[in-house]
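# Observations on chain architecture
So you can see what is in the structure, the chains are spelled out below.
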Amino acid sequence: MVMRIAVGQGARATEEYLAFAVQLGVRGIQLNTPDLSGEHRWELGDLVALREKVEARGLVLEAIENIPNHFYEKAMLGKPGRDEEIENVVATVANMGKAGIGLLGFNWMPNSVWRTDLSSTGRGGAVVSAFDLDLVDERTKAGKILVARRDRRVEDKKDSWSAGATFDLGAERSDEDMWASYEYFVKALVPVAAEAGVVLALHPDDPPVPSLGGVARIFRSVDALKRAVALAPGPGFGIELCLGTVSEMGGEEAVLEAIRYLGPLGKIAYVHLRDVSGTVPAFVECFLGEGNYRPAVVIRELRKAGFDGFILDDHTPSLVGDSPYGHRGRAFALGYIQGLIEMMELDDLPAPVA
Ligand SMILES: [Mn+2]
């Protein structure tokens, strides 16, 4: 395939979501934590029906991102009962393969994505989210930490975040604990994924700080992503390369390092192309082109590194009059990325005859 954009981060293949994708002219969509039935695993029939619904609109289901957190929370925390969870995740991945859905994004954040502010003011009054590690303790105590809900994610942005401290996870977890539980999980799962024709794609930890709520966040550096690739060789594993999160780690330098390392190995499964201003411990989300990295440089680097998958906008600032899904902000970001890709593809064409 060629480098391309996709519409993503919706939870349901609604007619509106599919129409938006068709109108933007994308090849396909991604769905984040679709609300399929099943308390512990996803079934083949539901997955086939989902893919067919998308294809009936002339689109491709490029990927599913995230199974519900509770499908593998014990596995992430190394708790008793994890083997049963892993069996169900194995069954889910096998079903995805049989259903012809070849890419599953996942993450190793049992207490999810955190922000300290969801209504920070961006360019021209656009609404953006922000994180400041210095505020975490105080906001946690006041019940004002915003945690992205990973279960039954809903379209309304407001409802996709829960206010209020941490999940009750029962115990603290060190870096060593989280690496050990992670290794146990991927060693069981990645061979099954490879066999099923599914790529498991790991999202880095957002925000990439050493720990939150007592739980270590191990995927907080480009080196950690390299270690993840080394741990799971073969076609069943890749990185869901969230350049927003990598920018939070170390700005453009970290973003280029990740692309240059992972791209030639064929380990960039797909890309989240968004940016922030500032790096951990504090950052604010922003429009493309006003953040830590130069989007045109990054797109060019993705191409040089041999990336030929899809790119989505991930998060975007809320523009004036925007919808809960963020149609206006997303349309701007996707058009911006599409323009850069087309500009770069000019390099493939013969020079125009004068
Ligand atoms: Mn992301």
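Higher on the page you've got the structure.
Here's what I pulled together on the structure shown here. Computed from a predicted model, the values in this text were never measured in an experiment. (Residues numbered from 1 in each chain as written. Predicted model: local features only at pLDDT ≥ 70, side-chain atom pairs only at ≥ 80, totals over all residues. Heavy atoms only, no water.)

His203 (NE2), Cys242 (SG), His272 (ND1) and Asp314 (OD) make up the full set of protein donors to the manganese ion, lying at 2.2 to 2.4 Å. Within one chain, the residues serving as donors to the manganese ion are arranged as H-x38-C-x29-H-x41-D. With cysteine 242 in strand β13 (residues 237-242) and histidine 272 in strand β14 (residues 268-272), this residue pair connects regions lying 30 residues apart in the sequence. As far as burial versus exposure is concerned, cysteine 242 and histidine 272 are alike and both buried. (Donors = N, O, S within 2.8 Å, 3.2 Å for Na, K, Ca; no water. Helix = DSSP H or I, 4+ residues; strand = E, 2+ residues; numbered from the N terminus. Buried < 20%, exposed > 50% of the residue type's maximum accessible area, 1.4 Å probe, protein only.)

Looking at where glycine 244 falls in the secondary structure, it is placed in helix α8 (residues 243-262). Sequence-distant contacts of glycine 244, that is, excluding residues within four places in its chain, are made with His272, Arg274 and Val276. (Contact = heavy atoms within 4.5 Å.)

What follows deals with the nonpolar core. Grouped together as the largest cluster of nonpolar side chains are 86 residues, with contacts concentrated most on Tyr182, Leu241 and Leu273. Broken down by element, this core gets its largest block of residues, 9 residues, from α8. Discounting residues that sit within four places of it in the chain, tyrosine 182 has contacts with Phe106, Trp108, Leu202, Ile218, Phe219, Ala228, Leu231 and Phe237. By size, the runner-up hydrophobic cluster in this structure holds 9 residues, among which are Trp114, Phe131, Val209 and Val276. (Core = buried A, V, L, I, M, F, W, Y, C linked by side-chain atoms within 4.5 Å.)

Below, the discussion takes up the sheet that holds β13. The strands making up a sheet associate through hydrogen bonds between their backbones, and the pairing can be parallel or antiparallel. Taking strand neighbours around the barrel as the criterion, the 8 strands line up as β1-β2-β3-β4-β10-β13-β14-β17 in a closed arrangement whose pairing is parallel. On average, each strand axis in the sheet is tilted by 30 degrees relative to the strand beside it, whichever way the strands run. Pairing analysis gives 2 bridges linking strand β1 (residues 4-10) to strand β17 (residues 310-312), with the strands arranged parallel. Across the sheet, the residue bridging to arginine 4 is phenylalanine 310, located in β17. (Pairing = 2+ DSSP bridges. Axes fitted to C-alpha atoms, helices over the stretch in contact; angles between N-to-C directions.)

This next bit is on the pattern of salt bridges. Using the criterion set out here, one finds 22 salt bridges in the structure. Between arginine 41 and glutamate 43 there is a salt bridge, with the nearest N and O atoms lying 3.2 Å from each other. By relative accessible area, arginine 41 is classed as partly exposed at 28%. In this structure glutamate 43 comes out as partly exposed when scored by relative accessible area, which is 34%. For lysine 226, the salt bridge identified is with glutamate 257, shortest N-O distance 2.9 Å. (Salt bridge = Lys/Arg side-chain N within 4 Å of Asp/Glu carboxyl O.)

With that out of the way, let us pick up a nonpolar patch on the surface. Residues Met343, Leu346 and Leu349 make up a contiguous nonpolar surface patch of roughly 330 Å² in combined accessible area. Mapped onto the elements of the fold, leucine 349 is located in the segment after α10 (327-345). (Patch = residues over 30% accessible without salt bridge, like charges linked within 9 Å, V, L, I, M, F, W, Y side chains within 5 Å. Areas by Shrake-Rupley, 256 points an atom, 1.4 Å probe, with all protein chains shown as cover.)

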